[in-house]
Structures are given as C-alpha cells and as structure tokens.
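# Structural overview
Listed below are the residues making up each chain.
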Amino acid sequence: MILERINGPADVRRLRREELPQLAAEVREEISRVVAANGGHLASNLGTVELTIALHRCFDFRRDALVWDVGHQAYTHKLLTGRREEFHTLRQQGGISGFPNKDESPYDPFTCGHAGTAISSAVGLVCADALAGRQRHVVAVVGDGALTNGVALEALNHAGALGKDILVVLNDNKMSISKTVGGISMYLERVRSARFYNRAKRGIRRFVRSLPGIGSAAETALGHLKEGIKVAVGSETLFDQIGFRTFGPVDGHRLDDLIELLEAVRDLSGPVLLHVVTEKGRGHPQAASDPSRYHSAAPAQDPCPVLEPPNGGSGPSYTTVFSEALCRLAEERDDIVAITAAMEEGTGLTEFARRFPERFFDVGICEEHAVAFAGGLAAAGRKPAVAIYSTFLQRAYDQVFHDLCLQGASAVVCIGRAGLVGADGPTHHGTYDVAYLRHLPGLVLAAPKDGAELEAMLAAAAAAEGVWGIRFPKAHVPAIQWPQGAPVEVGQAELLRDGDGVALVAYGAMVEPAWEAATLLAEQGIEAAVANARFAKPVDGALLAALAARVPLLVTIEEHSVLGGFGSAVLEALAALGAPRCRVELLGVPDRFIEHGRREALLDGLGLSAQGIAARVAELLATRGDWAEERAALLIADF
Ligand SMILES: Cc1ncc(C[n+]2csc(CCOP(=O)(O)OP(=O)(O)O)c2C)c(N)n1
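On a predicted model such as this, the values are computed, not experimentally measured, just so you know.

A few words on the site of the ligand. Around the ligand lies a shell of 23 residues, among which Ser44, His72, Gly145, Met175 and Glu367 are the nearest. Interatomic distance of 2.7 Å between a backbone N/O atom of Gly145 and an oxygen atom of the ligand. One nitrogen or oxygen atom from the side chain of Asn173 is found 2.9 Å from an oxygen atom belonging to the ligand. Protein contacts shield 98% of the accessible area of the ligand, which totals 580 Å² for the unbound molecule. Counting residues per element, the shell around the ligand draws most heavily on helix H7 (residues 144-147), at three residues. For the shell around the ligand, the residue count by class is nine nonpolar, ten polar and four charged.

Closest axis-to-axis distance for the helix H4 (residues 49-58)/helix H13 (residues 255-266) pair is 9 Å, and the angle between their directions is 40°. One way to sum up the angle between H4 and H13 is to call them oblique. When you trace H4 past H13, the crossing you get is right-handed. Across the interface between the two elements, Glu50, Leu51, Ile53, Ala54, Leu55, Arg57 and Cys58 of H4 pack against Leu255, Leu258, Ile259, Leu262, Glu263 and Arg266 of H13. Looking at side-chain class alone, the contact of H4 with H13 contains nine nonpolar, no polar and four charged residues.

Moving on, we come to the pairing of strand S15 (residues 502-506). Buried residues dominate S15, accounting for five of its five residues. Along S15, one buried face is formed by Val502, Leu504 and Ala506 and the opposite face, lined by Ala503 and Val505, is buried too. The pairing of S15 with strand S16 (residues 528-532) spans five bridges and is classified as parallel. Within the sheet, the bridge partner assigned to Leu504 lies in S16 and is Val530. Handedness of the S15-helix H22 (residues 511-523)-S16 crossover: right-handed. The pairing of S15 with strand S18 (residues 553-561) spans four bridges and is parallel. Along S18, the bridge assignment pairs Val505 with Thr556.

A separate point is the pattern of salt bridges. Counted according to the given criterion, the structure contains 38 salt bridges. Note that Asp129 and Arg136 form a salt bridge whose closest N and O atoms lie 2.7 Å from each other. Exposure remark for Asp129: the relative accessible area of 6% places this residue in the buried category. For Arg136, a relative accessible area of 21% gives the class partly exposed. Residue Arg599 pairs with Glu559 through a salt bridge whose shortest N-O separation is 2.8 Å.

Here we take up the packing of helix H6 (residues 118-132) against helix H8 (residues 150-162). Packing of H6 against H8 leaves a shortest axis separation of 8 Å and a crossing angle of 30°. Compared by their axis directions, H6 and H8 come out roughly parallel. Taken together, the residues of H8 that come into contact with H6 (itself represented by Ile119, Ser120, Val123 and Cys127) are Val151, Ala152, Ala155, Leu156, His158, Ala159 and Leu162. For the contact of H6 with H8, the class distribution of residues is nine nonpolar, two polar and no charged.

Read from one edge of the open sheet, five strands run S14-S16-S15-S18-S19, paired in mixed fashion. Lying at the two open borders of the sheet, with one neighbouring strand each, are strand S14 (494-497) and strand S19 (583-589). Within this sheet the neighbouring strands show an average axis-to-axis angle of 25°, counted without direction. Here helix H24 (residues 566-576) sits on the sheet in contact with S15, S18 and S19, set at roughly 140° to S18.

Moving on: the packing of aromatic side chains. On inspection of all chains with the given rule, the structure shows eleven aromatic pairs. Ring centres of Tyr75 and Phe87 lie 5.8 Å apart, and the angle between their planes is 70°; this geometry places the pair in the edge-to-face category. Of the two residues, Tyr75 is situated in helix H5 (residues 75-80) and Phe87 in the loop between H5 and H6; the sequence distance between them amounts to twelve residues. Exposure remark for Phe87: the relative accessible area of 0% places this residue in the buried category. For the ring pair Phe352 and Phe356, a centre distance of 5.0 Å and an interplane angle of 50° mean the geometry is tilted. Judged by relative accessible area, which is 8%, Phe356 ranks as buried. The ring centre of Trp627 lies 5.0 Å from the NZ or CZ of Arg583, which sits over that ring.

Scoring rules and cut-offs
Throughout, residues of each chain are indexed from 1 in the direction in which the sequence is written. Thresholds applied to this predicted model are a pLDDT of at least 70 for local features of residues and 80 or more for the giving and counting of side-chain atom pairs; totals over whole chains, interfaces and linings are not thresholded and use all residues. Heavy atoms from the whole structure form the basis of all side-chain values; hydrogens and water molecules are not counted. Throughout, the term near means that a residue has one or more heavy atoms lying within 4 Å of the molecule or strand in question. Nitrogen and oxygen atoms within 3.5 Å of one another constitute a polar contact, given that in protein one can donate a hydrogen and the other can accept it, and given that sequence-neighbouring residues count only through two side-chain atoms. For the area figures, the Shrake-Rupley method with a 1.4 Å probe applies, and any residue is considered shielded solely by the protein chains shown. Note on conventions: DSSP H or I runs of at least 4 residues are helices, E runs of at least 2 residues are strands, and numbering of each starts at the N terminus. Three residue categories are used. Nonpolar comprises Ala, Val, Leu, Ile, Met, Phe, Trp, Tyr, Cys and Pro, charged comprises Asp, Glu, Lys and Arg, and polar comprises the others, including Gly. Axis definition: a line fitted to C-alpha atoms, limited for helices to the stretch in contact. Angles are taken between N-to-C directions and run from 0 to 180 degrees. Each angle receives one of four descriptions, namely roughly parallel if under 35 degrees, roughly antiparallel if over 145, roughly perpendicular if within 65 to 115, and oblique otherwise. Handedness of a helix crossing follows the sense of rotation of the near helix relative to the far helix, less than a right angle counterclockwise being left-handed and clockwise being right-handed. Only heavy atoms matter for contacts: two residues are in contact if any of them lie within 4.5 Å across the pair. Relative accessible area decides the class of each residue, using a 1.4 Å probe on protein chains only: under 20% of the type maximum gives buried, over 50% gives exposed, and in between gives partly exposed. For two strands to count as paired, DSSP must find a minimum of two bridges between them. Seen with its strands pointing away from the viewer, a crossover is right-handed when the path leading from the first strand over the helix to the second is clockwise. The working definition used for a salt bridge is a side-chain nitrogen of Lys or Arg within 4 Å of a carboxyl oxygen of Asp or Glu. For this analysis, a ring pair means two rings from Phe, Tyr or Trp (six-membered ring only for Trp) whose centres lie within 6.5 Å, classed as stacked if their planes differ by under 30 degrees, edge-to-face if by over 60, and tilted for the remaining angles. Note on geometry: a ring has a charge over it if NZ (lysine) or CZ (arginine) is within 6 Å of the ring centre and within 35 degrees of the ring normal.

Structure, rendered in structure tokens:
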C-alpha cells in the first residue's frame, strides 16, 4: 500500500511518478470505504483525487496556501495532509470534519462549507502577503457550480483587476449537485467542446516539455500555448477578458498533464485561471453514472451508499411533507411558483419540478438572486415559494429585507434544515434564521410541530398577504397523537396540555421533546403546561401573559440560538406586557459553534432532549427558594 506511507505532502512529493496512479486508486478506495461507513460527499471527492495529488506534488502547502471552495471535495487533501489515520472518523462526533477546518490542520487555512468564498479568501491572503512582503503561492480551487455564485464572481472581478499573483483552479465537472445551470455553464460547455480541447490536450505535454524552465521563458512558451488556444477558439476566454491568463481545459485525471501544467503556471505572475475538466464520481460505477444521487451519501452497507436521508427516526421527513404539500397547493393555485438555489433534491422540489416544470426555477448556487428574483415574480402577480436551507438563507438576508419585505411582496420563504443538521457540522447548522429575520417589519415567522401543521402553515402562508418564513428541521415528522388542535391563525399558539408547575413553551421541532418532558415531569409530580408556539413572530402575547401569571417558571425551547431567537421574542413580549411574575428560562443553542455529530446526540448534549428539558426544569424548581437570592447576587455582580 502506497497510501499507508503517506503521512504528509512531502511523502507525496517523494513518490516516483509511476507510483502516483496507484496512490490515486488507493485514495479512491479509502474514500469509498469510509463514505460507505460514515456517509459523506462521495461523488465530488472521487472527482478531485488526481487534481489534489498534482497540487500537493507541485506546491508546498506548509508555506503556500490551498483554499477549497465549499470544501466538500477535500477528502483526498485530508488523506494526504496527515489525517489518514483519523480518516475513518470522518463526520463522526469527535472525529474529523467533512469540510476543511482551520482547527484541524495547518493545511486548512479556513473552515468553510458555503459556496463561492474560496477566491475571495485567497485574494485576501494575496493582498495581506503583499502588505507583509511575504512570498508564497496562493491557490483557490472552485467548482463550476460554485463559480456561478455571486461571491465567486465578485472575487474574480476583484482579482482580475488587482493583477496580483493568484492561481484559480476551475474544477469543471459539469455538475453542481444537480447539473450546473445558467449562462456560465453554457459558456463552459462551449469552451469544453471547442475544437482546441483535444488538440490542446495532446499538445500540452509537448508544449510544457519544451519549456526551458520557470520564469520569463516559460511565460513565453505558455503564452504561445495560450495564443494557440485563442486562435482555435476564435477569441480570448471570458476570464482573459477580466484579467486572468487562462489555461486549459485540461483532463483532470491525467496526472502527468496536470503536474506538468501546474509546474509551468506556478511561477507565472498575475492572476491565472487553470480550467480542469474532471468527472464527478470517477472510478465508482454508481456514483459516476448518477453523481447527483451520490453527491452526499448516507452510511450504508457496501458496496453502495445511498442518498442521505434525514436524521434518525422513521416515517416521512419534513422535506417530504413539504414537497407533497407544495405540489398539492400548486395543483389548486396556478400562481404558485417554486424557486431553488441549486438544491432541487435537498429542498424537496424534484417532484414539483417534474409536475410543474414551467413554474419551477433553479437559479444556481445564488441565494441572493433567488430571493430578489422571487420579489420580481411576486411584483408581477405570482406567489413564490423560495426553498432555501436556513444556513444558506443567511446569504440572502438583505434580499428578504430589501426585495421582499420592503416591497410589501407576498412570498413564502421555506426554510429547510432549520436547526442542527448533523454530520455536516457548524458550517451547515441552521440556528440563526429566527434571529436574523425576526426584526424585519411585517414578516411572519412560523414553525410546525409536525407534518400536518407544516401543510396547514404552508396553506395559510400561501393564502396570506406579506412574507412568511416557515422553518422546519432535517428530521422525520413525529408520530405523536396530539390533542385536537385549533386551526393555524397568525400569532396564535396552541396549548397542548395545561399545568401549573411549569410552562414549557416550545417552537417547531422542540414541541415533541417538550411534550415528552411533560410526561417525565408528571412522574415526578410536576404538572407542566405545554404550549406549541407556532409563531416566533408575532408571538402569542395573550397566552404567554396567562401562563406567566400562573406558573412560577416559564421555559422557552427552540432548536436555534438563544441569542435573538424565539426565547428572546418571548422575553420582549413579556416585558411589553409588564414585568413577568414568573422566572423565565431560555433553552436553545448556546452562544458557541456546535460541532458535527448525529442531530439527536447533539440535541441531547445541549440539554434539548426530553430528558434534558425535564432535568433542567426539575433542577430549577428544586432551587426555587434560592431564586430571589440568585437574582440579588446577579444584580450585585452586574453593578
Ligand atoms: C451558499 C451555498 N449554497 C448551497 C450549498 C450546497 N452545495 C454544496 S456543494 C454544492 C454544489 C457545488 O458544485 P461545484 O462547485 O460544481 O462542486 P462539485 O460538487 O461539482 O465538485 C452545493 C449547491 C453550499 N454549500 N453553499
């Protein structure tokens, strides 16, 4: 085994050229094996094996910097940079992350997971290096999907005009999660299929072999290569026109070509873009033939992992319920349109796209555009449902403000993966959406306790004027028989159970553990009222006031940051209603980044399981006699 001998990139550089294909094969095998056991981004990683080996062969990233865009394709990089022995712990709690992580390795300059940022980060490094007089190579690797992202285009725009040394490697596999969409992908298709491709491929070796070395002679020779490409294409590439010297496309699985070309462009000055064509899922029959399905795979028995299902449990997921409910609505109302930012499958819009293709829009990895575009559709009489994960909607905060709310638009923002998402970890947990949306005037924020309520909220939102945000988790819907509830009305919570020992006021997915906690508390003789809040904006002031007047302790529970979240909304409402007579405790995600791990385990660790909630309530009530003293001590500490 060659891989067993690789404890760092220096070992890769020490290998004989002839050994590299064997290393690539072993890396592919290891990635397939570990992803089958732990789940993970299979197809993207199988496509970047040779590219990563070539990069480590040609650069020394102890000194140079390698920035991966999104970072979901960096498993080979992990295996080659001293994390081979821990690789089997990939994405498991306490194990290594599925994304680059600056706390995990000096070879990861950034912790990342959101698309489009690599070129920006790299340009930042380049400019700081220039200010510090530091000499090193800075390389950003960006996929053709991420390249369509506004942030990536903003960074290219900056870097091209700046003129400083930077190498952008475009890893073009024609795929985002689904097929890459948009004008840029059409442009890349043209570049790929232009006649020069095969000619350049054959010619690269010859050209590069003829290079006398690095420096100006190499630049001249590469200039000739570029001229050859230009002549064949008939014009400069788009990237040339905005300030990049562009090379390729080159076959990203031919190690010799890659290495020789990388060595040649490494010491060129100014912004350089190397267009590398790879195959997503390379070497894995299933992943290569269906890369979309194997973009992100769940743990499974060998030989073939399956598409990632939601966390734990059984029964339908919230996403499935959303998918079916939206299709039913669209059958009834032809003004409904659906928008995704490159997440057709993940957001549950595949069925909608199949059944209502003319009303479905995949805008690419462009959350800002997705929301502003929804504003345009709404202004012209459509009812947009924009489905974006909580963590990626962060990108579009301004568009929710400026292009929906401020316009008085009517739209539904369907916020999936709201809460702890599990193995993808801190870059992907959706724990801030209530906080970053709640203050927008006129916005309604809702979260269902189960699938039926999700459908009812979606219908209410579609029938209403204004902007609604509906959040739901990456989880299965609970199969609890709740007491008969009231219909969904804006700003009205539902009291599921009465009690005067404590009031548990839970939002969305946390209603289930709150309900179960009430049973555990009853066993200890504590009668808990359980309210399903339904809305974080507006909150049900009347119910809160009534509960606060009769219980000693009111506990808010949310799968969201306690800072600025649902609990904060409750505190604001209670303050507006007059000082609460009861103690208020906010349970939720604390003010720190949460690691990766199974959602249930993470929730449990944060005290957000039924047992955790019951234990905290019992603990607080047991010390009730000390509350006045505690408060006095806090006041003294504050002043
Ligand atoms: C802002 C943002 N939106 C959506 C995603 C989800 N996402 C992860 S990878 C990916 C596709 C990336 O495509 P590409 O850059 O071409 O890389 P490939 O997987 O094809 O190698 C998407 C949409 C994300 N990570 N960040």
